[in-house]
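Spelled out, the chains give:
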Amino acid sequence: MKTIDVALLPNMVNSQQVAGSVAVVIDVLRASSTILTALSNGAKQVIPVNEPQEAKELAKQFPTGEVLLCGEREGNKIPGFDLGNSPREFVPEVVAGKTLIMSTTNGTKACHTAQNASVSVIGCFLNLTAVTHFVNQAEGNVLLITSGKEGRFSLEDVVCAGAFVDKLNAGNEFAITDAARVSQILYTIYKSNLRQMFNTCEHGQYLASLGYQADLDYCAQVDTLTLVPRFTSGIITS
Ligand code: MLT
């Protein structure tokens, strides 16, 4: 029987758990939602890096005009970068055909946590069903990795992990860990009003205070996109 586990924080995952697993990286607000949106709108690839300086160095290896520097610190665009981390910036006219080098506070780092999995994908509410189908067909235990916020628990990521547990285990075909069970319980509490959960969670309130309320509304949508972004050898592609 396959297992579903949830890393309630990325640093709760050890390499043994990741190795051989089917990993889903979740940073609902906003890196997962933004990466998915960018690729759905025609971006060629997204390269997640930890630090802004690393992004700038890497960009030098690409012909001018082919690459966009993207990401945030404290929620806002990194000075000198082309785009921030609001999914609404990543429209086809801006991102189609481009390589995006992205550095965010938590989400892009969480991607690297999943690098030794047998398969790693990027999940959020926007592609809930598509990721569920993909994961169901893949071989291996499922590990849902939540990004958290600077080492701390994030309600919205864990509720999204719970949504995946709920959908994946609808037929009771998996063994689920206590962390997966608690995530699912949280999801059942909030599922009828995800928008309210986004408005009350710490990071949602912080983003709203910066003027990104529309991002909360966007990221709280369920199943509006069907792409399953794959993270392989340091690069996320569709
Ligand atoms: C992150 O990676 O920490 C974020 O996605 C933060 C944000 O831009 O809301």
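Small disclaimer: the values here were computed from a predicted structure and weren't measured.

1. Structural notes on the packing of aromatic side chains
Counted by the stated rule, this structure contains one aromatic pair. The ring of Tyr 206 has Lys 149 sitting right over it, with the charged end atom 4.5 Å from the ring centre.

2. Topic: the site of the ligand
Near the ligand the following residues occur: Asp 27, Leu 29, Arg 30, Ala 31, Glu 72, Asn 85, Thr 104, Thr 105, Asn 106, Gly 107, His 203 and Leu 207. The side chain of Thr 104 places a nitrogen or oxygen atom 2.6 Å from an oxygen atom of the ligand. Here an oxygen atom of the ligand and a side-chain polar atom of His 203 are 2.7 Å apart. In isolation the ligand offers 270 Å² of accessible surface; the protein chains occlude 99% of this area. Judged by the fraction of its atoms near the pocket grid, the ligand is located in the largest pocket.

3. Details of the packing of helix H7 (residues 155-168) against helix H8 (residues 178-190)
Put simply, H7 and H8 touch, their axes get as near as 7 Å, and they point 100° apart. As far as their axial angle goes, H8 and H7 are roughly perpendicular. Along the contact surface, H7 presents Leu 155, Val 158, Val 159, Ala 161, Gly 162, Ala 163, Val 165 and Asp 166, while H8 presents Ala 180, Ser 183, Gln 184, Leu 186, Tyr 187, Thr 188 and Tyr 190. Of the residues that constitute the contact of H7 with H8, the class distribution is 10 nonpolar, four polar and one charged.

What counts and how
Within each chain, residue numbers correspond to sequence positions counted from 1 in written order. Selection of residues for local features in this predicted model requires a pLDDT of at least 70, selection of side-chain atom pairs for listing and counting requires 80 or more, and totals for whole chains, interfaces and linings are taken over all residues. Neither water nor hydrogens contribute to the side-chain values; these are computed over all heavy atoms in the structure. Note on aromatic contacts: the rings of Phe and Tyr and the six-membered ring of Trp form a pair at centre separations within 6.5 Å, being stacked when their planes are under 30 degrees apart, edge-to-face when over 60 apart, and tilted otherwise. Any Lys NZ or Arg CZ found within 6 Å of a ring centre and within 35 degrees of that ring's normal is scored as a charge over the ring. Only a single heavy atom is needed: when it lies within 4 Å of a molecule or strand, its residue is near that molecule or strand. Here a polar contact is taken to be a pair of N or O atoms separated by no more than 3.5 Å, where protein atoms must pair a possible hydrogen donor with a possible acceptor and residues adjacent in sequence count only if both atoms sit in side chains. The method behind every accessible area is Shrake-Rupley, applied with a 1.4 Å probe, and residues are considered shielded solely by the protein chains displayed. Throughout, the protein atoms alone are placed on a 1 Å grid, and a set of points is a cavity if a 1.4 Å probe fits but cannot get out or a pocket if it is open with protein on both sides within 12 Å along at least five of seven lines; lining residues have an atom within 4 Å of a point. Just a note on the criterion: a molecule sits in a pocket or cavity if more than half of its atoms are within 2 Å of the grid points. Lines fitted to C-alpha atoms define the axes, with helix axes restricted to the stretch in contact, and inter-axis angles between N-to-C directions lie between 0 and 180 degrees. Note on conventions: DSSP H or I runs of at least 4 residues are helices, E runs of at least 2 residues are strands, and numbering of each starts at the N terminus. Here is the rule for angles: anything less than 35 degrees is roughly parallel, anything more than 145 is roughly antiparallel, 65 through 115 is roughly perpendicular, and the remaining ranges are oblique. Working rule for contacts: check all heavy atoms of both residues, and any pair within 4.5 Å makes them a contact. In the scheme used here, Gly and all other residues not listed as nonpolar or charged are polar, with Ala, Val, Leu, Ile, Met, Phe, Trp, Tyr, Cys and Pro taken as nonpolar and Asp, Glu, Lys and Arg as charged.

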